[in-house]
Amino acid sequence: MNKKKQAVIYLLFDFLAAAISWTLFYIYRKEVIEPVKFGYDIPLEFTPQYFIGLLVIPSGWLLFYFITGFYNNVYRRSRLLELGQTILTSVIGVTAIFFVLLLDDTVYSYKNYYQLYFNLLLLHFSFTYFFRLILTSQTIRKIHHRKIGFKTLIIGNNEKALKIFREMNTQPRPAGNLFCGYVAVGENGKGLLDQHLPQMGDISGLEKIVQTEAIEEVIIALETHEHDKLSEILTIVENRDILIWGIPDLYDFLSGMVKINTIYSSPLIKISNGLMPAWQENAKRLIDVVASLLAMIILSPVYLALTIIIRATSRGPVIYSQERVGKFGHPFTIYKFRSMYDGSEQNGPALSSRHDERITPVGRFIRKTHLDEIPQFYNVLIGDMSLVGPRPERSYYIEQIVKKAPHYKLLHKLRPGITSWGQVKYGYASNVEEMLERLPYDMIYLKNISLYLDFKILIYTMINVFHGKGK
């Protein structure tokens, strides 16, 4: 499956639908509305304003769809939910277009305003949903015929696991689960799944299995006496871009926790892996890109000045690069202005402290004012980092942290950030113990993440920058 290719197809047809509806709406205005207004026929001419609108209006629709999260999970779409989503976005978008572009039109009567609004709404919704219905129906048909599927791993090897495997593997309309195998829990040697699926190991190797097999969905099937393993399992799988399902018991049914997406599917509890609503997540990424571009342009004189000063005052490269661990545990290269003497870590990784002799005189100033961090706007721009998120660490220190706080890996569900709640509330850490003291603040951010909280963190970060509270 190529999710990006499928998303591009949706995007192209959405652009085409918006362009067709805008063209027909333009013709409707020229042929119906304006003759009534002027009292005579208006020749149909495609003016420069029309061609500008033909580019800007569809592009605006695509940006709106992106922010609302429409292009997320393009292989997991429901035609009914898609209908509701298309109606809602069409109403909001057309209303915005009407008040921004059409309300100033001089018309013969206010009845013409209603005609303009509802005609544009009908045209845009009809063409948009028509193309989407075709694409989504084709995808669903491929899923039902098992031409498209999601690599699925079962955790557990008991009667629950066997029952859910049989139910999902014999559904008249499959949900797209392609079972790769199962992972044993503890000393579970019943072997109930052995005749159907290969054992891929136990939970001690779960992280490696999920990564090497490119698992997309996990079904957790634990016995009651195995529930103590649940926290360990979730710590491993929740920090990855996969769907996690649990098998409900009687209490879950009675409490109303069990929700299903299709009539034919087996009842499973979806353990949500999403931290923010789709529109906030996409808006956060859009803000990251725009803000980083603006910051790099505005701060270009600062980049140039620091380059000259660092080069003139100490030997070594101006930009210091280092491998850090990012979202879903993927390594990336972080960039900073060099604030230490070249070769300061020849004896291995070492965190800086307040009176670190390895820091250059210029480096001490740029660390206090956080100017050493500004090359990271490039990391944000290319998607390795975000403006706000837990500070990325090196694998060397993560291994030490995880020994004392295994839940640290949950932070890998997020893009690391230039600034974080932990950094604002606690500051930089000089050793592993201080990293552990800062960890609760980042965990609180993980559980309460929102655009509102991001803006507050950015404001307090700016206050700290002006007060020179870095080290």
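1. Structural notes on the side chain of Thr152
Right, so step 1: Mapping Thr152 onto the fold places it in strand β1 (residues 150-155).
Right, so step 2: In this structure the side chain of Thr152 is engaged in a polar contact, spanning 3.0 Å, whose partner is the side chain of Asn177.
Right, so step 3: Contacts of Thr152, omitting those with residues within four sequence positions, involve Asn177, Leu178, Phe179, Cys180, Gly181, Glu217 and Ile219.

2. Section: a nonpolar patch on the surface
Right, so step 1: Judged by side-chain polarity, Val290, Leu294, Ile297 and Ile298 come together as a nonpolar surface patch covering roughly 410 Å² of accessible area.
Right, so step 2: Among the structural elements, Ile297 can be located in helix α9 (residues 278-298).
Right, so step 3: Residue classification places Ile297 among the exposed positions, given a relative accessible area of 59%.

3. Thoughts on the environment of Thr333
Right, so step 1: Looking at where Thr333 falls in the secondary structure, it is placed in strand β8 (residues 331-337).
Right, so step 2: In contact with Thr333, not counting residues within four places along its chain, are Ser321, Gln322, Glu323, Asn379 and Asp384.

4. Some thoughts on the packing of aromatic side chains
Right, so step 1: Taken as a whole, this structure holds 22 aromatic pairs when the rule is applied.
Right, so step 2: For the ring pair Phe165 and Phe179, a centre distance of 5.2 Å and an interplane angle of 75° mean the geometry is edge-to-face. With a gap of 14 residues between them, Phe165 in helix α5 (residues 159-169) and Phe179 in strand β2 (residues 177-184) connect regions that are remote in the sequence.
Right, so step 3: Given the relative accessible area of 6%, Phe165 is considered buried.

5. Considering the pattern of salt bridges
Right, so step 1: Taken as a whole and judged by the stated rule, the model has eight salt bridges.
Right, so step 2: A salt bridge links Arg76 to Glu217; the shortest N-O distance between them is 2.4 Å. Residue Arg76 is found in the loop between α2 (48-68) and α3 (79-102), and its partner Glu217 is found in strand β4 (residues 217-220); the two are separated by 141 residues along the sequence.
Right, so step 3: Arg438 is paired through a salt bridge with Glu393; the nearest N and O atoms lie 2.8 Å apart. One end of the pair, Arg438, is in helix α15 (residues 432-448); the other, Glu393, is in the loop between β9 (386-388) and α13 (395-404), and 45 residues separate them in sequence. You'll find Arg438 and Glu393 in the same group, each marked buried.

6. With respect to the nonpolar core
Right, so step 1: In terms of nonpolar packing, the biggest core is built from 40 residues, with Ile310, Phe337, Phe377, Tyr408 and Tyr445 touching the most fellow members.
Right, so step 2: Looking at this core element by element, the count peaks at six residues for α15.
Right, so step 3: When sequence neighbours within four positions are dropped, the list of residues in contact with Phe377 reads Ser292, Ala295, Met296, Leu299, Tyr303, Leu387 and Ile418.
Right, so step 4: Formed by 30 residues, the second largest nonpolar core is a distinct cluster that contains Phe25, Ile33, Phe98 and Leu123.

7. A short note on the sheet that holds strand β3 (residues 199-202)
Backbone-to-backbone hydrogen bonds join strands into a sheet, with any given pair of strands oriented parallel or antiparallel.
Right, so step 1: Here six strands make up an open sheet; going across it, the order is β3-β2-β1-β4-β5-β6 and the pairing mixed. Both edges of this open sheet fall to β3 and β6 (269-271), since each of them pairs with a single strand only. Ignoring strand direction, the axes of neighbouring strands in this sheet form an average angle of 30°.
Right, so step 2: Alignment of β1 against β4, held across four bridges, turns out to be parallel. By the bridge assignment for β4, Ile155 is matched with Ile220.
Right, so step 3: With respect to the sheet, α5 is in contact with β1, β2 and β4, its orientation differing from that of β2 by roughly 170°.
Right, so step 4: Relative to β4, helix α7 (residues 230-237) is tilted by about 175°, and along the sheet it contacts β1, β4, β5 (243-246) and β6.

8. Description of the environment of Gly316
Right, so step 1: One can find Gly316 in the loop between α10 (300-313) and β7 (319-325).
Right, so step 2: Separated by 26 residues in sequence, Gly316 and Asp342 place their C-alpha atoms 5.3 Å apart.
Right, so step 3: Not counting the four nearest positions on each side in its chain, Gly316 is found in contact with Arg311, Arg338 and Asp342.

9. Focus: the pairing of β2
Right, so step 1: In terms of residue burial, β2 counts as a mostly covered element, since six of its eight residues are buried.
Right, so step 2: Taken together, the six bridges between β1 and β2 define a ladder with parallel strand orientation. Bridge assignment links Phe150 to a residue of β2, and that residue is Asn177.
Right, so step 3: Pairing of β2 with β3, which is carried by two bridges, proceeds in the parallel orientation. Pairing of Tyr182 across the sheet is with Gln199, part of β3.

Analysis parameters
- Residues numbered from 1 in each chain as written.
- Predicted model: local features only at pLDDT ≥ 70, side-chain atom pairs only at ≥ 80, totals over all residues.
- Heavy atoms only, no water.
- Helix = DSSP H or I, 4+ residues; strand = E, 2+ residues; numbered from the N terminus.
- Polar contact = N/O pair within 3.5 Å; in protein donor to acceptor, adjacent residues only side chain to side chain.
- Contact = heavy atoms within 4.5 Å.
- Patch = residues over 30% accessible without salt bridge, like charges linked within 9 Å, V, L, I, M, F, W, Y side chains within 5 Å.
- Areas by Shrake-Rupley, 256 points an atom, 1.4 Å probe, with all protein chains shown as cover.
- Salt bridge = Lys/Arg side-chain N within 4 Å of Asp/Glu carboxyl O.
- Buried < 20%, exposed > 50% of the residue type's maximum accessible area, 1.4 Å probe, protein only.
- Phe/Tyr/Trp six-rings, centres within 6.5 Å; stacked < 30°, edge-to-face > 60°.
- Core = buried A, V, L, I, M, F, W, Y, C linked by side-chain atoms within 4.5 Å.
- Pairing = 2+ DSSP bridges.
- Axes fitted to C-alpha atoms, helices over the stretch in contact; angles between N-to-C directions.

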